[in-house]
Structures are given as structure tokens and as C-alpha cells.
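# Descriptive structure summary
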Amino acid sequence: MKLHLEGLSSAFRIGGWRPHRTRGFRVPVIACRKYTTGSGRESTSGSKLDYSFVTTPIFYVNSRPHIGHLYTSVIADAYHRFQKIRHGESRPAFLYTGTDEHGMKIEKAAKAAGCKSVADHCDSVSSEFRDMCDRFSIDYSDFIRTTESRHKDTVSHFWRELKNKDCIYKSHYEGWYCVSDEAFVTDSNVTESSDGKKTKISVESGHPVEWTSEENYMFKLSSYLPDVFHWIKTEKPIFPEKFEGTLVRWIEEGFQDLSVSRPHSRLSWGIPVPDDPSQVMYVWLDALVNYLTVAGYPFSGSNSSSLNFWPPTLQIVGKDILKFHGIYWPAFLIAAGLEPPRKILCHCHWTVDNKKMSKSVGNVVDPISLSEKYGTDGLRYFLLREGTPHSDANFNEEKMRRLLNAELADTLGNLLNRCTAKAINPSQIWPVVENFDENQISIHGKNLIKSLEELFDKVETSYYGLNFYRGLEHIMATVRLANLFVEDEKPWVLAKQSPQNPRLLTMLTIVFETLRTTAIIMQPVVPNLSTLVLDRLSIPNEERSWSNIQPLLWNSGRNASNKDLGNFKSIFYARVKQ
Ligand code: MSP
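Just so it is clear, the structure is predicted and the values come from calculations on it, not from any experiment.

## Here we look at the overall build of the chain
The number of helices and strands found in the chain is 18 helices and 23 strands. Accessible surface for the chain amounts to roughly 23,800 Å². Of this, 50% is attributable to carbon and sulfur atoms.

Written out as C-alpha cells, the structure reads:
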């Protein structure tokens, strides 16, 4: 099916849409935007949102957490933390995560694990995901489980809404189903396995498919495709851009209506269809609605317990679940009269020693055991330093060890040690020399100052674009310059002459300011290590936000007096031995 923008208007449901304020096209009228900003202004559709609402996908409880899951969570957490320190407390910020617990895949996994009941299995694996989040400082506002009754109520309400709006009908469905992906697969996306067994598999994932022929409820996906297409092309919510191209290609190839339930006789572990207990809801409809559950849907506006923040400002998804979030999810929302998310970041995957990570290959990497050796912030740092949204990253433990030793221990740790060592800084102060003469300092010192002045903007742009790796590259380049500057100045020689040597004090001023700035902007990535540095520098909690970075301290006159350094009982980052 080819879609043309001219064909769009008939697809827009009267009453569900209103003209975009400035751009002429139509956007859905949203049901819930009752939120009033701190300044008393009311948010309206299409306007800039006065909150941050970030989500991770909810994790299947068929297997234990691995570094891929942690990666998704850490990207979301870093962005959420960035929003918090960038905008301060006046702008509410939420991060949601949780576990996806229904469906055949989970039922099968529980049986295979020999659990007493599927519910027991879900409890146990869900708590492992929650532990992972806690251990790695994922600053979630809510951890949702799809087996909770609040979620079942939300999903039932959402279903009724779709039914009332005539978007769901009963029909006979025949086609392929892939349990591992919990996805219906079209004929053209099925092939035979190359292992000689001639098993039918999904072309996309390589997982086995089975033929199903049953009575189902269907969602009118095909009639919402033009709306989804329009949202993708005009609102530009999908990034990196290559994934927008993927979605457009899929839409142009066409989608049938989507089966959104399965007979109870085939699938019992799920949420029953309201008013028809012979059917159980399709797990992806159930799972996607988690984002509405945490937002307090149905949005009453008057109910003070309901947050009434909608839509999400950023949803993070891996490339394997792009179709569900980039096609089905906006279609469901638009059908229900709700605004689709503002942004979806689709990220690529981690391979291990250049192979796809999978239980059957036996190369699944456990983040918990790695963190015992490399630290939780060490692993966060590595994932965000090496992972890029647009292409797969490869995990290799030796590469990780070298990178963490080189950057956290030898570059940042070394700089901190150098300027806080008693031999160089016997009175343990942070001197602030305001009017030093730039001509008197080495070329590395000059480059460092220039780099510091530019760092803020560069890192901010990288973080807004979720290119954390790029932000960290800029930070490390600056810290490396600071180490070169220290070597030029030879503080160990200057300190022997006199601890009050003006050249020494100037060097300390510049290096402490480098540490303060970098520690503040690294908080989203390594919150605990940044806290160590900021505590050591005695920076009060209320001076750790984005607005405290600039102007640079020696220029601002703010706090421009010598300060005592804070206590420091541990090493910043201990080198990891092989
Ligand atoms: N339950 C669904 C999501 C439902 S959201 C309404 C699901 N769960 S999952 O546990 O299989 O995957 C969760 C996330 O982890 C997905 O974004 C997925 O892309 C990501 N990853 C799984 N393996 C990964 C890698 N090897 N590398 C990076 N991310 C990976 O899908």
C-alpha cells in the first residue's frame, strides 16, 4: 500500500483533531492536558511541554537482566537526570520503568523454570529487574508491573475506549505468530530456517513461528496508518533519523488490521477482554498501555492523585521493538484520542565479541557480576561512552577494563589526586585567584580554558540529542588537557618553593574549576562518582545544577574566595587489574 499525504484528511477523525497552532496540519486533541505550570500558565496541545516524562520499555520477565536491559535503563536515567539538573525543581521530571509479565512467552518460561506458579516466577524475575535498577542508581519515579491491578484497570478502560470508538471488531484471524517476539508475522516475513530442519522462522528476528487460526478481536490499524504516517513525517518524533526511514518504509509496505486478543483456551496468562472472558488481550496492547497506567490514565483532571501529564516527552526503545512503539502505539493512542509521544529514541544493540547476545549462544553478560569488579558507575560510564544510538556496539571486557582505567582512573582520578595531594596542597584549600594573567600560563593551560568555556554548550547539545558518548568525549578531552597543563606547571616543584607560589595557586584555581565543571556535567552519567568529586570540592548540593556551571568561577566573582576542601576517604576510581 502506498500512502499519499493528500489522502490524509479522510483519515482524521472529526472531533479528535484540531489545527496545529502554527504549522497548519492537524494534531489530536488530547484528553488530559490539565497541568498548570509553576507560573500558572496552562499547557496546551502542540505547545512546549513544561515537564519531562521519560520511559524505558518494560522488561520481559522470561529471563534475567542483562547489559542490553541496563543500557536502555541507563540512557533513560541519564536523560532524566540531565533534565533534572538542567531545568531544576520548577519543571517536574518523571522516569518510568517496570516489567512486562503477561503472554505465552512468560507462561512458557515459568514452566521451563519449574516454578510453582507463573505469578511466583514473575515476582522473582521482576524483583531482579527492580534490584538492577536500584543497584545502578536508576532514579525511577515508579516501577510498574503489568500484573498489578492498577494496570489491569487501566488496560480494561483503554480497551473499552477503543471499543466505544468503534476501533475494535471481532473476526477470524489466520496467520503466523512468533511467541518469542509475541508478534504476528506476515507470510512475506516468514522463511525456512537454514539449519536443515525446515522450521518456519520470522525473517526479522530468526525466531520460530507457528500457524494460528482463531477467533480474535481486531484493531483497525490499517485505517490509522495515514495518521501515524503524518505524525512521523510532520512531528518528526523518531530519532536517529534512519529509524524514521525504517518506519516510513514499513508503512508504505502496508499493515493489515492487528489482532489484539487471543482465545483464552490458547492463552490464559493475560488480562481478559472486558465483557468477553473467552478472550485475553494481546500482550503488546497490554504492555504498551503501561505508559498510560503510570501517568494516571484515565485522566480526570480533578483527581489529585492522577498526575495528568501526557504525552510522554521521551520514550526509549531498542531497535527490535521499533514497530510496536512507532506504529502500533501511536495508532492506539490516536484512535483513543490521545496525543502520541513527543519523541522516541530508538537505539541499536550490544553484541558480545561481535555476536548477537543470546541465551542459546550462552554469551549473555550479567551486569551485576560485572559491577562487582568495575563498579556500578564504571559500567554506566562504559555503556554510555561506547554505546551509540545509531549503530550496534560491541561488548568486550578487556576493552572495558582498559577504557575505565584510562579515563576514570588515570585521567579524571589522576587529576583529582594531583591537585588535592597534601604535598602540593598542604593546607587543603581550593584557592580562587580571580585575576590571573592568561599570558603567564602554558599553551595547554590556554587551550584548557578555551575548552572549558566551550564545554558546556557542546555537552548540552550532545545530551539533548542523547549522544552521551559525544558529551563524554568532549569532557575527557578537557580533562586530558588539564593533566597536560599540570605537567607543564610542575606543581610539585612550585610547592617546594612555596605553597603560596602565585603560579601554583593559579594552576590550582584552573584545575579545581575544571573538576567542578566536569563533575557537574557528568552527574547524569556517573551520579555517584560525580558526588565523590563534588563532595571533595565542598560544593553544596544547591550548587550542583546546570546553571551553576557558567560563568566559570574565577570570572564570576561568585564564591571567589579560598575554600577548604571536603573530606575524602576513598579513591575516586581504583584501577581494575586483569
Ligand atoms: N517487553 C518488551 C517491551 C515492552 S514495552 C511496552 C521487551 N522487553 S525485553 O526485555 O525483551 O527488552 C527490553 C529492552 O531491552 C528493549 O528495548 C530491547 O531492545 C533492549 N535490549 C534487549 N537486548 C538488547 C541488547 N543486546 N542491546 C541493547 N538493548 C537490548 O521487548
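## Considering the packing of aromatic side chains
Evaluated as defined, the whole model comprises 34 aromatic pairs. Both rings, one in tyrosine 463 and one in phenylalanine 468, keep their centres 5.0 Å apart while their planes meet at 45°; by these two values the pair is tilted. Judged by relative accessible area, which is 0%, tyrosine 463 ranks as buried. Residue phenylalanine 468 is classed as buried on the basis of its relative accessible area of 2%. These aromatic residues form a ring-pair network of at least three members: Tyr51, Phe53, Phe94, Tyr96, Phe158, Tyr291, Tyr297, Phe299, Phe309, Trp310 and Trp329. A cation sits over an aromatic face here: arginine 262 above tyrosine 177, 4.3 Å from the ring centre.

## Some remarks on the sheet that holds strand β15 (residues 272–273)
The strands making up a sheet associate through hydrogen bonds between their backbones, and the pairing can be parallel or antiparallel. Pairing in this open sheet of three strands is antiparallel, and the strands run β14-β16-β15 from one edge to the other. Each having just a single partner strand, β14 (261–263) and β15 make up the two edges of the open sheet. Looking at chain direction, β14 and strand β16 (residues 276–281) are connected through three bridges and run antiparallel. When the bridges of β16 are listed, arginine 262 appears paired with valine 280.

## Observations concerning the packing of helix α5 (residues 221–235) against helix α9 (residues 322–335)
It is at 9 Å that the axes of α5 and α9 come closest, and there the two elements cross at 105°. With respect to each other, α5 and α9 are oriented roughly perpendicular. Taking contact as the criterion, the partners of Leu221, Tyr224, Leu225, Asp227, Val228, Trp231 and Ile232 in α5 are, on α9, Gly326, Ile327, Tyr328, Pro330, Ala331, Ile334 and Ala335. Residues that form the contact of α5 with α9 fall into these classes: twelve nonpolar, one polar and one charged.

## Looking at the site of the ligand
In the vicinity of the ligand lie 23 residues, with Ile58, Asp100, Gly318, Asp320 and Trp350 positioned nearest. With respect to the ligand, the backbone of tyrosine 60 contributes an N or O atom lying 3.1 Å from an oxygen atom. Here a nitrogen atom of the ligand and a backbone polar atom of glycine 68 are 3.4 Å apart. Coverage of the ligand by the protein chains reaches 94% of its 670 Å² of free accessible surface. At the level of elements, β4 (59–60), α1 (67–87), α7 (283–288), α8 (290–295) and β17 (314–318) are the ones that each hand at least two residues to the shell around the ligand. In the shell around the ligand, the residues fall into twelve nonpolar, nine polar and two charged.

## Points about the environment of serine 126
Assignment of secondary structure puts serine 126 in helix α3 (residues 118–135). Relative accessible area serves as the criterion here: at 2%, serine 126 is assigned to the buried category. Separated by 19 residues in the primary sequence, serine 126 and arginine 145 place their C-alpha atoms 7.7 Å from one another. If we skip the residues at most four places from it in the chain, serine 126 touches Val61, Thr99, Glu101, Phe143 and Arg145. A distance of 2.9 Å separates polar atoms of two side chains, one belonging to serine 126 and the other to threonine 99. Side-chain polar atoms of serine 126 contact the side chain of arginine 145, separated by 3.3 Å.

Rules and cut-offs
- Residues numbered from 1 in each chain as written.
- Predicted model: local features only at pLDDT ≥ 70, side-chain atom pairs only at ≥ 80, totals over all residues.
- Heavy atoms only, no water.
- Helix = DSSP H or I, 4+ residues; strand = E, 2+ residues; numbered from the N terminus.
- Areas by Shrake-Rupley, 256 points an atom, 1.4 Å probe, with all protein chains shown as cover.
- Phe/Tyr/Trp six-rings, centres within 6.5 Å; stacked < 30°, edge-to-face > 60°.
- Buried < 20%, exposed > 50% of the residue type's maximum accessible area, 1.4 Å probe, protein only.
- Lys NZ or Arg CZ within 6 Å of the ring centre and 35° of its normal.
- Pairing = 2+ DSSP bridges.
- Axes fitted to C-alpha atoms, helices over the stretch in contact; angles between N-to-C directions.
- Parallel < 35°, antiparallel > 145°, perpendicular 65-115°, else oblique.
- Contact = heavy atoms within 4.5 Å.
- Nonpolar A, V, L, I, M, F, W, Y, C, P; charged D, E, K, R; others polar.
- Near = heavy atom within 4 Å.
- Polar contact = N/O pair within 3.5 Å; in protein donor to acceptor, adjacent residues only side chain to side chain.

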